[in-house]
Amino acid sequence: MRKWLSGVCALGLVATTGTADAETFKIGLIASYTGAFATWGTQFQNAIEAFQSVHGKSVKGPKGETIDVQLVYRDAASAGADKAKQLAEELVLREKVSMLAGFELSPHAMSVADISKQAKVPIVVMNAATASITRGSPYYVRTSLTIPQWSQAIGKWAAENGIKKVYTITSDYAPGHDAETYFHKSFKAAGGEIVGADRTALRETNFAVYMEKALQAKPDAVYMFQPGGSPSISFVKAFSERGLKQAGIKLLGNGEFAELYLPHFSDDVIGTISVNHYTETNSRPENKQMRDQLTKLFGEKGVTDIASVAAWDGMTLIYGALRQNGASADGLKYIDAMKGKTIASPRGPIMIDPEERDIIQNIYIRRIEKVGGKLQNVDIATIPMVKDPWKIDNPAKSN
Amino acid sequence: MLSFALTVLLDGISYGMVLFIISVGLTVTMGLMRVINLAHGSFAMIGGYVAGYLTQQGTDFFLALFLAAVAAGLLGALCEVTVIRPLYRKGELAQVLLTIGIVFVVTALITEIFGAFPYRVEFPVYLTQPVDIGFRTYPAYRLFLILVGGIIALVLWFLIEGSLYGAKLRAAVDNSRMARAVGMNVNLLFTATFIVGTALAGLGGAIGAGILSLEPSYALKYVVLFLVVVIVGGEGSFKGSFVAAMALGIIDTIGKYFVAAAAPYLLYAAVFALLLWRPQGILPPKSLA
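All of the points below concern the structure found in this document. What you see is a predicted model; the values in this text were computed from it and never measured.

## Comments concerning the overall build of chain A
- Regarding its fold elements, chain A presents twelve helices and 15 strands.
- Computed over the C-alpha atoms, the radius of gyration of chain A is 22 Å, within 12% of the 21 Å expected from 2.2 N^0.38 for a compact globule of 399 residues.
- Expressed as a percentage of its 399 residues, the buried residues of chain A come to 57%.
- Considering only intrachain contacts with a sequence separation of at least 6, the fraction spanning at least 24 residues in chain A is 68%.
- Taken as a whole, chain A presents about 15500 Å² of accessible surface, with 53% of it coming from carbon and sulfur.
- Within chain A, the 42 negative side-chain charges are centred at a point lying 1 Å from the centre of the 46 positive side-chain charges.

Below is the structure:
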């Protein structure tokens, strides 16, 4: 029996008169719709549906032929990497998809490297942020971010903006380690001093002790990296409760302060400075178009986030590659079409690094303020076109 | 140095108080009827969400706490009569399976009603600020936890040591067959205790929301901590659960101060050591000692 999810993009319901030669290009999207990471699947899918309702469900190929772009959605269920791999195999072998996309978690994205090489299937990574992923196969392209892009940018910015001493409190998992490493590195390189560093358990919500240690160390700022949701909300609460905010210590963060999460914070969060590659309220026309379309289709649930923008830009890349190569080209041809591509993204200008197939993009420093009675991120600095620092530190071995 | 030691102590005790308020009901009912109730955390979570909802609507904080306890107690009563009671003689596996099932049902319901994001209890402004306590400034919220926990411990102490209800309760925990034989209605006693226990859990979930933050996975995430308090303290031992909650709160705090990297393991290592030393718990009731 066909999974009902695959019916979402039911082509063939539309009359196809005069397009008897229409070809179909299938893309398999793997993301979690259930479990701890359930928001990702919906956010990806909503953005893709919004994109298709603006740009159409088909593109014209190089010979003027019509190519129907069909998405097949699969639930990775917040499970282990083997689940994602199994879904990828099923999509490639049974559904005959020509491309894979999605992947909110790094282990999921990494698990399909071999499949992509064997089946010559390009993979558009729409979130998984471990820097090394794109080195795993020549078929990877990433439209999201790498953690070092964030943490290096804010480390340097802090040192250049009057912050001399920082205490870092990061979550004890791979992205947290990346954040800590690159913050320390860039902050010290720009003349700053790290006065203390703690790593906390992954789902910690009792931060009193860490706040006490940070308070005693008398830093100018605390740098945090915590998973979005209850750990970061508890963190900000403890920060204010313990008197760090009153002592004039600044709070520096990352994606914890996305618009999606802001309504769940109390006003203690005002003044927090965070780094991101997408400021949801930016006034670019591309952003307005995406947000308006999502609101039109999904109402209040159409809030955009980094998942939406990565999916939107991923679709832009895919449509571009199809226009150039048609529906039945070799996998690497699509990758070649994406290399070096620049896009006016809703987040700002982006480029796909021609060597690394990873994203090069503006990084924004924002401060949380109350605008019209609502908490909102307001851009205070832009670092233009940042390449993944990890790749600069770890040049590819020529082989 | 002294002020540092006092800070560690205050941090540890305030955390321990939350564990105590939530767990004390579980320890007494487990000691009394030997029912393994993994759903206990759900009542704390329900109390927390009720208080969160009411305070977000502008209800007075203390009224919201009271209603949170009442709501958890009422649901506790309902649950005891319909679900727990038939389980008394069913053996431990059935109890574990059924009560863990309740956890999943409550988690799904909470997600459906309130969403998957963390949920906020609006504390009064004066509880969200630090206050001057002589040698330093300290979060008012944590002092409030210590105060409330202390009052509850004292009230329970007088109730259990000084009242007829307490005498019956102790008798039933120590030897429930003999208590039945002399004509005590142990089932009624159990129901009453279960209600008080779940009401306290609801209260604990509400006032402890600043430390054990509310989210749909709360009931599953923290139930291990609550069970640890019960087992370390000694099943059925009110005093034991108090001592155990304080000890765990302080050990966890000291661990985070001095060996932050090992803190998550230190707590369980301590539990392991304590149980090797006193397998029946720190202060087990007479029936087990």
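## Details of the pattern of salt bridges
Residue and element names in this part refer to chain A.
- Taken as a whole, this structure holds 28 salt bridges over all chains when the rule is applied.
- Between R242 and E212 there is a salt bridge whose closest N-O contact spans 2.8 Å. Of this pair, R242 sits in the loop between α8 (230–241) and β10 (250–253) while E212 is found in helix α7 (residues 208–216), placing the two residues 30 residues apart along the sequence. The residues R242 and E212 share a single accessibility class, namely buried.
- Between K237 and E241 there is a salt bridge, with its nearest N and O atoms 3.7 Å apart.

## Here's the deal with the sheet that holds strand β6 (residues 140–142) of chain A
Residue and element names in this part refer to chain A.
- Pairing is mixed in the open sheet, where six strands are placed in the order β2-β3-β1-β4-β5-β6. The open sheet has two edge strands with one neighbour each: β2 (58–60) and β6. Within the sheet, the average angular offset between the axes of one strand and its neighbour, ignoring direction, is 25°.
- Running over the sheet, helix α1 (residues 38–55) touches β1 (23–31), β2, β3 (66–75) and β4 (99–102) and is turned about 165° from β3.

## Here we look at the side chain of D313 of chain A
Residues and elements named next belong to chain A.
- Examined against the element boundaries, D313 turns out to sit in helix α10 (residues 306–325).
- On the accessibility criterion, D313 (1% relative accessible area) is buried.
- Reaching out from D313, the side chain makes a polar contact with the side chain of R347 at a distance of 2.7 Å.

## With respect to the nonpolar core
Residues and elements named next belong to chain B.
- In terms of nonpolar packing, the biggest core is built from 83 residues, with F20, I22, I152, I207, L212, Y218 and F226 touching the most fellow members.
- At twelve residues, helix α1 (residues 2–33) tops the list of elements feeding residues into this core.
- Here F20 is in contact with G149, I152, A153, L156, F238, S241, F242 and A245, once residues within four sequence places are set aside.

## What about the side chain of N377 of chain A?
Residues and elements named next belong to chain A.
- By the secondary structure assignment, N377 is in strand β15 (residues 374–386).
- Here the side chain of N377 touches F257 through a polar contact of 2.8 Å, landing on its backbone oxygen.
- N377 has contacts with F257, A258, E259, L262, S274, T279, E280, T281, R366, R367 and I368, leaving out every residue within four places of it along the chain.

## What about the pairing of β3 of chain A?
Residues and elements named next belong to chain A.
- For β3, a buried count of eight out of ten residues is recorded, marking the element as mostly surrounded by other parts of the structure.
- Bridge count between β1 and β3: nine bridges; the pairing is parallel. By the bridge assignment, A31 is partnered in β3 with D75.
- With three bridges connecting them, β2 and β3 associate as antiparallel partners.

## Thoughts on the interface of chain A and chain B
- Taken together, the contact pairs 30 residues of chain A with 29 residues of chain B.
- Here chain A and chain B share an interface that buries about 2500 Å² over both sides, 50% of which is from carbon and sulfur atoms.
- When the buried surface of chain A facing chain B is broken down by residue, N206, E241 and R242 of chain A rank first, second and third, together holding 25% of it.
- The salt bridge involving E212 of chain A is made with R136 of chain B; its shortest N-O contact spans 2.6 Å.
- Broken down by secondary-structure element, the contributors of at least two residues to the side of chain A that touches chain B are β8 (193–200), α7 and α8 of chain A.

## Concerning the environment of Y15 of chain B
- Along the chain, Y15 of chain B falls in helix α1.
- Judged by its relative accessible area of 7%, Y15 of chain B falls in the buried class.
- Y15 of chain B has contacts with N206 of chain A together with R142, I211, L212, L225, G249 and D252 of chain B, leaving out every residue within four places of it along the chain.

## So, unusual backbone geometry
Residue and element names in this part refer to chain A.
- Despite not being glycine, F103 has its phi angle at roughly 70°, a positive value.
- With respect to the element layout, F103 can be found in the loop between β4 and α3 (106–111).
- In this structure, R357 takes a positive phi of about 60° despite not being glycine.
- Topologically, R357 is positioned in the loop between β13 (348–352) and β14 (359–371).
- Assessed through its relative accessible area of 10%, R357 is described here as buried.

## So, helix α3 (residues 61–84) of chain B
- Here α3 of chain B has its buried residues at F61, A64, L65, A68, A69, A72, G73, G76, A77, C79, E80 and I84 of chain B.
- On its buried face, α3 of chain B is in contact with α2 (40–56), α4 (92–114), α5 (140–162) and α8 (186–207) of chain B.

## Description of the pairing of β15 of chain A
All names here are of chain A.
- For β14 and β15, the ladder comprises ten bridges, and the chain directions are antiparallel. By the bridge assignment for β15, Y364 is matched with T382.
- Taking the residues between adjacent antiparallel strands as the criterion, β14 and β15 are bridged by two residues, where G372 takes a positive phi near 60°.

Conventions we followed
Residues numbered from 1 in each chain as written. Chains lettered and ligands numbered in written order. Predicted model: local features only at pLDDT ≥ 70, side-chain atom pairs only at ≥ 80, totals over all residues. Heavy atoms only, no water. Helix = DSSP H or I, 4+ residues; strand = E, 2+ residues; numbered from the N terminus. Rg over C-alpha atoms; globule rule 2.2 N^0.38 Å. Buried < 20%, exposed > 50% of the residue type's maximum accessible area, 1.4 Å probe, protein only. Contact = heavy atoms within 4.5 Å. Areas by Shrake-Rupley, 256 points an atom, 1.4 Å probe, with all protein chains shown as cover. Lys, Arg positive; Asp, Glu negative; His and termini not counted. Charge placed at Lys NZ, Arg CZ, Asp CG, Glu CD. Salt bridge = Lys/Arg side-chain N within 4 Å of Asp/Glu carboxyl O. Pairing = 2+ DSSP bridges. Axes fitted to C-alpha atoms, helices over the stretch in contact; angles between N-to-C directions. Polar contact = N/O pair within 3.5 Å; in protein donor to acceptor, adjacent residues only side chain to side chain. Core = buried A, V, L, I, M, F, W, Y, C linked by side-chain atoms within 4.5 Å. Buried area = accessible area lost by both parts, 1.4 Å probe.

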